[in-house]
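Spelled out from the first residue to the last, the chains are:
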Amino acid sequence: MQNLKLNPHLLAIPANIGGKPTGEVQAEYGLTDVVEMGSNESPFGLSPVAVAAFHDALQNAHRYPGVADKRLRQKLAAHFNARATASFSEQNFLTGNGLTDVIRMIVQAFVFDGGETIACTPTFPMYRLLTQEFGGKCREVSHKNYRHDLSAMADAITEQTRAIFVCNPNNPTGTLVTRDEVEAFVQRVPPSVVVVFDEAYYEFADDLDYSNALDYVRAGRDQVIVLRTFSKAYSMAGLRVGYAIGTPAMIEYLAHAQIVFNTGDPILYAAAAALDDQEHVERTRKMIAAEKQFLYDGLTRLGLQYVPTQANFVLLVNLPRDVKTINEGMLQRGVIIRPMGGFGMPDAIRVTIGTRAQNERMLWAMGEVLRK
Ligand SMILES: Cc1ncc(COP(=O)(O)O)c(C=O)c1O
């Protein structure tokens, strides 16, 4: 490799940033039964309707993707129009190979020639990493009480700012920004800056003061983009579909960064079918809400501090033992959780809310580890 000219922006970010896969933990620790609570996946599985649609579409999988993307976008428009007065069309939606791919499109579309982004710390690290990958700088603004400090984020805007990411609910803290905060913030953002509301965990939020960023898109504001994914409440993390909602002009611009055939038809059909099965989403949402309370009670019994969450994960903070020791002990007991060093919180751990059996196992393992 010495003789090759390598891209320094790529070398600035780690090559593999995903959590430890279950199979790896099984092999490393000689375990057969491992509980995955590290990546905020849904433990409840895909809707059977989505599985059937995926299976049917395999018949044509020898072909490149065709009309499935347009169909999904039409269905998304109908889905959102059923819940509000202003109407969307397929032109308001852009799909990607997971939401991560959509975030990549946004960064690629706006970070060039010295462009910068702004994000909270801690938050989903891909905003920063992708900004660096495209040669830009991400200004990180510290959280305030585990929440986005939107006023400080607005203060951080410079001539170089091209995009601001607001993760709502925020990963890894699980906290929300409210409607009033968003309104005051959006007022302060100059028209030359894009504001991206990443609502990957939208469906889990039950706070009525949840910001409705979509209203800005409905009102025709080009600079606002809202992001959603099928990976979380729709339990489709392994299939990879996420999407942006924006004005037709913004979506048309972002489509320049979309890689042709980025997602396969069987996956897009599965996502469209999953939209039809809202009962499955509702069941998942209710189970997560019930299990959240179960986890809170268990964590309190263990004397652990957590940040109340609006998502499907809980951030444990001010841990009484060092995170490395806790993580190692949990892995030995077959429970994958996520240490938050990579998110800039070396003293915290994020735990995905699981099924009752998984949550019981996690609490048991944590109790054992803390007793040692
Ligand atoms: C806030 C946030 N945005 C986006 C993503 C990416 O989701 P996807 O699986 O759709 O790429 C995640 C995944 O954990 C996330 O937490």
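Quick caveat, the model's predicted, so the values are computed rather than measured.

Caption draft 1: Summary view of the pattern of salt bridges. Evaluated as defined, the whole model comprises 15 salt bridges. Measuring nitrogen to oxygen at the nearest pair gives 2.6 Å for the salt bridge that ties Asp 155 to Arg 188. Of the two residues, Asp 155 is situated in helix 7 (residues 150–155) and Arg 188 in helix 8 (residues 179–188); the sequence distance between them amounts to 33 residues. Exposure remark for Arg 188: the relative accessible area of 42% places this residue in the partly exposed category. Look at the salt bridges and you will find they share partners, linking Glu 282, Arg 285 and Lys 286 into a network.

Caption draft 2: Highlighting the sheet that holds strand 8 (residues 242–245). Strand order in this open sheet of 7 strands is 2-8-7-6-5-3-4, and the pairing throughout is mixed. The open sheet has two free edges, formed respectively by strand 2 (93–96) and strand 4 (137–142), since each of these has just one partner strand. For this sheet, the mean angle separating the axes of adjacent strands, direction not counted, is 25 degrees. Bridging between strand 2 and strand 8 involves 4 bridges; their strand directions are antiparallel. By the bridge assignment, Gly 96 is partnered in strand 8 with Gly 242. Strands in contact with helix 4 (residues 68–81) are strand 2, strand 7 (224–229) and strand 8; relative to strand 2, the strand with the most contacts, it is inclined by about 130 degrees.

Caption draft 3: Just the sheet that holds strand 13 (residues 349–352), in detail. On the basis of which strands lie adjacent, the open sheet formed by 4 strands has the order 9-10-13-12 and antiparallel pairing. Every interior strand has two partners, whereas the edge strands, strand 9 (305–307) and strand 12 (338–339), have only one.

Caption draft 4: A look at the packing of helix 13 (residues 323–332) against helix 14 (residues 356–371). The interhelical angle for the contact between helix 13 and helix 14, taken along N-to-C directions, is 125 degrees, at an axis separation of 9 Å. Regarding the angle of helix 13 to helix 14, the classification is oblique. Regarding helix 13 and helix 14, the two cross each other, and that crossing is right-handed. In this structure, helix 13 uses Thr 325, Ile 326, Gly 329 and Met 330 to contact helix 14, whose residues at the interface are Met 362, Ala 365, Met 366, Val 369 and Leu 370. Per-class residue counts for the contact of helix 13 with helix 14 are 7 nonpolar, 2 polar and no charged.

Parameters and conventions
- Throughout this document, residue positions are counted from 1 along each chain, in the order its sequence is written.
- Residues qualify for local features only when their pLDDT is at least 70, as the model is predicted, and side-chain atom pairs are given and counted only at 80 or more; totals for whole chains, interfaces and linings, by contrast, use all residues.
- Excluding hydrogens and water, the side-chain values take into account all heavy atoms of the structure.
- For salt bridges, the criterion is a side-chain nitrogen of Lys or Arg within 4 Å of an Asp or Glu carboxyl oxygen.
- The numbering of helices and of strands both runs from the N terminus, where a helix is a DSSP run of H or I of at least 4 residues and a strand a run of E of at least 2.
- Each residue gets one of three labels from its accessible area relative to the maximum for its type: buried under 20%, exposed over 50%, partly exposed in between, using a 1.4 Å probe on protein chains only.
- Any two strands with at least two DSSP-identified bridges between them are counted as paired.
- All axes here are fitted lines through C-alpha atoms, helices being fitted over the stretch that makes contact, and every angle between N-to-C directions spans 0 to 180 degrees.
- Any two residues whose heavy atoms approach within 4.5 Å at even a single point are treated as in contact.
- Reported orientations rely on four angle classes, namely roughly parallel under 35 degrees, roughly antiparallel over 145, roughly perpendicular from 65 to 115, and oblique for the rest.
- Two helices that cross are described as forming a left-handed crossing if the nearer one is turned anticlockwise from the farther one by less than a right angle, and a right-handed crossing if clockwise.
- Ten residue types, Ala, Val, Leu, Ile, Met, Phe, Trp, Tyr, Cys and Pro, are classed as nonpolar, four, Asp, Glu, Lys and Arg, as charged, and the remainder, Gly among them, as polar.

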